[in-house]
Amino acid sequence: TKENWGLFCMKIKNCQVEKLCGFYVSDWHLATTILPYINSKIEENNKVITFLESDIEENIKVLLQNLNLKNKNKILNIRWTNVDDKKYINVENILNNEISNSSIILVSGSKDYIEIINNSIKKWLGKNQLRFIKIINFFEVTEFNNDIVNILDDHDKILNTSGEKEITDVFCGYNDKKIVNDN
């Protein structure tokens, strides 16, 4: 849960983890939702690392052909293909090779996939010291059904097409655990 990540980071010197969540209905929806956000974060010199259950590379390429973004090459250099294996050693290798002190880790797929990758990230963070890391978990809508409150409880904010938002700004009644989508 969110509280567990906070306690975990208190044990690690100078570690701050912010967790965001988002939801998507198709690979195209995922690509169109994250592309503007990723473009803005690259402008701020953030490193973007991905763990994707599905390849969205072709979707990203098609969208970039039709958009006028100045960071196209940097966006194309992000790994938009899936990581074949969910074993910790593979996640560890990717993080060792790609992470910096200001990194955004994008994880998308089923709830089980996201949980496995997040546990590997947490394990890796226990062995390494970073100042700030942002984890964005994008859940496939058909996967979680009625478990949305538990997902929201485990995150600090939500990311949608209009950017980072407080959960209560997107889901009225969240504090009362009566979810009503405000969008």
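As a reminder, the structure under discussion sits directly above these lines.
Please read all numbers here as calculations on a predicted model, not as lab measurements. (Residues numbered from 1 in each chain as written. Predicted model: local features only at pLDDT ≥ 70, side-chain atom pairs only at ≥ 80, totals over all residues. Heavy atoms only, no water.)

Draft legend 1. Molecular detail of the pattern of salt bridges. Taken as a whole and judged by the stated rule, the model has 10 salt bridges. The closest approach of N and O atoms between Glu18 and Lys134, which form a salt bridge, is 3.5 Å. Separated by 116 residues along the polypeptide, Glu18 in strand E1 (residues 16–24) and Lys134 in strand E4 (residues 132–140) bring together distant segments of the chain. In this pair, the class of Glu18 matches that of Lys134, namely buried. Asp154 is the salt-bridge partner of Lys19, the closest N and O atoms lying 3.0 Å from each other. Residue Lys19 is located in strand E1, and its partner Asp154 is located in the loop between helix H8 (148–153) and strand E5 (157–160); the two are separated by 135 residues in the primary sequence. You can call Lys19 buried: its relative accessible area is 3%. (Salt bridge = Lys/Arg side-chain N within 4 Å of Asp/Glu carboxyl O. Helix = DSSP H or I, 4+ residues; strand = E, 2+ residues; numbered from the N terminus. Buried < 20%, exposed > 50% of the residue type's maximum accessible area, 1.4 Å probe, protein only.)

Draft legend 2. How the structure looks around the sheet that holds E1. Spatial strand order, E2-E3-E4-E1-E5-E6: 6 strands in an open sheet with mixed pairing. Every other strand in the sheet has two partners, leaving strand E2 (47–52) and strand E6 (163–165) as the edge strands with one partner each. The average undirected angle you get between the axes of adjacent strands in this sheet is 25°. Of the strand pairs in this sheet, E2 and strand E3 (residues 102–109) are connected by 6 bridges, and their pairing is parallel. What sits directly across from Val48, in E3, is Ile104. Along the sheet, helix H2 (residues 27–43) makes contact with E1, E2, E3, E4, E5 and E6, crossing E4 at roughly 165°. Lying on the sheet, helix H6 (residues 111–127) is in contact with E1, E2, E3 and E4; it crosses E3 at an angle near 155°. (Pairing = 2+ DSSP bridges. Axes fitted to C-alpha atoms, helices over the stretch in contact; angles between N-to-C directions. Contact = heavy atoms within 4.5 Å.)

Draft legend 3. Fine view of the packing of H2 against helix H3 (residues 57–65). Running from amino to carboxyl end, H2 crosses H3 at an angle of 55°, the nearest separation of the two axes being 9 Å. The angle between H2 and H3 places the two elements in the oblique class. As for how H2 packs across H3, the hand of that crossing is right-handed. Facing H2, whose interface residues are Asp27, Trp28, Ala31, Thr32 and Leu35, H3 presents Asn59, Ile60, Val62, Leu63 and Leu64. A per-class count over the contact of H2 with H3 returns 7 nonpolar, 2 polar and 1 charged. (Parallel < 35°, antiparallel > 145°, perpendicular 65-115°, else oblique. Left-handed = near helix turned anticlockwise from the far one by under 90°. Nonpolar A, V, L, I, M, F, W, Y, C, P; charged D, E, K, R; others polar.)

Draft legend 4. Spatial organisation of the packing of helix H5 (residues 88–98) against H6. Direction vectors running N to C along H5 and H6 enclose 55°, while the axes themselves pass 9 Å from each other. Taken together, the axes of H5 and H6 lie oblique to each other. Helix-helix and strand crossings are classified by hand; for H5 and H6 the assignment is right-handed. Side by side, H5 and H6 meet where Tyr88, Val91, Glu92, Leu95 and Asn96 of the first sit next to Ile117, Ser120, Ile121, Lys123, Trp124 and Lys127 of the second.

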